[in-house]
Amino acid sequence: MARQRAQPRIYVALDAANEGRVRELLAALDPSLCGIKIGKEAFTALGPRAVEWARERGFPVFLDLKFHDIPNTVAQACRAAADLDVALVNVHASGGRRMLEAAREAIGASEDAPALIAVTVLTSMEDADLAEIGVADGAEAQVGRLARLTAETGLDGVVCSAREAASMRVLFPAETGLVVTPGVRPAGSARDDQRRVVTPADALANGATSLVIGRPITAAADPGKALEAIVAAL
Ligand code: C5P
């Protein structure tokens, strides 16, 4: 496990494809309270500039591009991500051992290197979807297998549902292990298209180390206040 930068407790998912909207949200949020998650939508539309705008405002950035390719390509992509000075990068564990090892080596283990985590099974996949692609023994078994492979290859943690967080903490323990959980909803807020939601406090109690929260903050009338309220409730 690498010594990596400290991670914020909350990453706000900046799922937007429009420069004005991204800048507006960055201006509304307090960089001492959260990091920013930039995913495929914002990155594909706006490119590395989106990362730079967040870095300029002082936010740690989680570059959520879920790399999944041959080992050499993933290694080069991880190097490019590290050059963007992000705090957290992810890959798909289903890329296999050699891909995970190549990613680990490319990111390095210095104190200013980004942390490197893996997605096990997308939470949109059910047992029937997995059976169709040849995984016969269901999501739980596959999540366990891929999480063990992620730990064995020296990655820093996983992205997972807060409901799986406790079992993931066993593989990625306290000091440096990262368990990053989306699907988080403050009590009383809209679930949107998320189904199995957990409150921020419960997610942390289950062992999550960082929470990914999008629409409860970004779709609020006052995103800055919504973030403050969530932090205050923790
Ligand atoms: O708006 P919301 O809080 O639902 O946003 C959650 C973010 O986390 C989105 O960027 C979504 O793509 C991401 N995510 C998720 N569930 C996963 C993995 C990622 O909601 N299992």
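Rules behind the numbers
Residues numbered from 1 in each chain as written. Predicted model: local features only at pLDDT ≥ 70, side-chain atom pairs only at ≥ 80, totals over all residues. Heavy atoms only, no water. Helix = DSSP H or I, 4+ residues; strand = E, 2+ residues; numbered from the N terminus. Expected span 1.5 Å × (residues − 1). Buried < 20%, exposed > 50% of the residue type's maximum accessible area, 1.4 Å probe, protein only. Contact = heavy atoms within 4.5 Å. Right-handed = clockwise from strand over helix to strand, strands pointing away. 1 Å grid on protein atoms, 1.4 Å probe; cavity = no way out; pocket = protein on both sides within 12 Å on 5 of 7 lines; lining within 4 Å. Points joined across faces, edges and corners; volume = space filled by probe spheres on them. Nonpolar A, V, L, I, M, F, W, Y, C, P; charged D, E, K, R; others polar. Axes fitted to C-alpha atoms, helices over the stretch in contact; angles between N-to-C directions. Parallel < 35°, antiparallel > 145°, perpendicular 65-115°, else oblique. Left-handed = near helix turned anticlockwise from the far one by under 90°. Salt bridge = Lys/Arg side-chain N within 4 Å of Asp/Glu carboxyl O. Near = heavy atom within 4 Å. Polar contact = N/O pair within 3.5 Å; in protein donor to acceptor, adjacent residues only side chain to side chain. Areas by Shrake-Rupley, 256 points an atom, 1.4 Å probe, with all protein chains shown as cover.

Draft legend 1. Helix α7 (residues 138-152), seen in detail. Counted at 1.5 Å a residue, the expected span for α7 with its 15 residues is 21 Å, and the 22 Å between its end C-alpha atoms agrees. Buried residues of α7: Gly 138, Ala 139, Gln 142, Val 143, Gly 144, Leu 146, Ala 147, Leu 149 and Thr 150, and no others. The elements touched by buried residues of α7 are α5 (97-107), β5 (115-119), α6 (127-132), β6 (157-159) and α8 (165-171). Directly after α7, the chain includes Gly 154, whose backbone phi takes a positive value near 85°.

Draft legend 2. Quick peek at α5. Restricting attention to buried positions, one finds in α5 the residues Met 99, Leu 100, Ala 102, Ala 103, Arg 104, Ala 106 and Ile 107. Looking at the packing, one finds that the buried side of α5 touches β3 (61-67), α4 (71-83), β4 (88-92), β5 and α7. Following α5 by one or two positions, Gly 108 has its phi on the positive side, about 80°.

Draft legend 3. Broad picture of the pairing of β4. Within β4, five of the five residues are buried, which leaves it mostly tucked inside the rest of the structure. Between β4 and its parallel partner β5, the chain crosses via α5, and the hand of that crossover is right-handed.

Draft legend 4. Representation of the layout of surface pockets. Volume-wise, the largest pocket comes out at about 1,200 Å³. If you go around the largest pocket, you meet 41 residues; those closest to its centre are Thr 123, Ser 124, Pro 182, Gly 183 and Gln 194. Looking at the lining of the largest pocket, the elements that each hand over two or more residues are α2 (40-46), β3, α7, β8 (210-213) and α10 (215-218). Here the lining of the largest pocket gets three residues from one element, more than from any other, and that element is β3. Residue composition of the lining of the largest pocket, by class: 16 nonpolar, ten polar and 15 charged. Within this model, the second largest pocket holds a volume of roughly 170 Å³. What lines the second largest pocket is simply His 68, His 92, Ser 94, Thr 120, Val 121, Leu 122, Met 125, Leu 130, Ile 133, Val 135, Gln 142 and Leu 146.

Draft legend 5. Representation of the packing of α4 against α5 within the structure. Between α4 and α5, the least distance of the axes is 8 Å, while the angle of their chain directions is 30°. Here α5 runs roughly parallel to α4, going by the angle between their axes. Note on packing geometry: the crossing formed by α4 with α5 is right-handed. Together, Pro 71, Val 74, Ala 75, Cys 78 and Arg 79 of α4 and Arg 98, Met 99, Ala 102, Ala 103, Ala 106 and Ile 107 of α5 make up the contact between the two elements. When the residues that make up the contact of α4 with α5 are grouped by side-chain class, the tally is nine nonpolar, no polar and two charged.

Draft legend 6. Up close: the pattern of salt bridges. Counting across every chain of the model gives 13 salt bridges. Between Arg 49 and Glu 19 there is a salt bridge, with the nearest N and O atoms lying 3.5 Å from each other. Highlighted residues: Arg 49 in helix α3 (residues 48-56) and Glu 19 in helix α1 (residues 19-28), separated in sequence by 30 residues. Overall, Glu 19 belongs to the partly exposed group, its relative accessible area being 30%. In this structure, Arg 104 and Asp 156 form a salt bridge, with 3.1 Å as the shortest nitrogen-oxygen distance. On the criterion of sequence distance, the pair formed by Arg 104 in helix α5 and Asp 156 in the loop between α7 and β6 is long-range, its members being 52 residues apart. On the accessibility criterion, Arg 104 (13% relative accessible area) is buried.

Draft legend 7. Representation of the site of the ligand in the model. Neighbouring residues of the ligand: Ala 13, Asp 15, Lys 37, Thr 123, Pro 182, Arg 185, Gln 194, Val 212, Ile 213, Gly 214, Arg 215 and Pro 216. In the model, an oxygen atom of the ligand is placed 2.7 Å from a nitrogen or oxygen of the Arg 215 main chain. Look at the ligand: alone it shows 460 Å² of surface, and the protein chains cover 79% of it. Mapped by element, the contributors of at least two residues to the shell around the ligand are β8 and α10. Class assignment of the residues belonging to the shell around the ligand gives a composition of five nonpolar, three polar and four charged.

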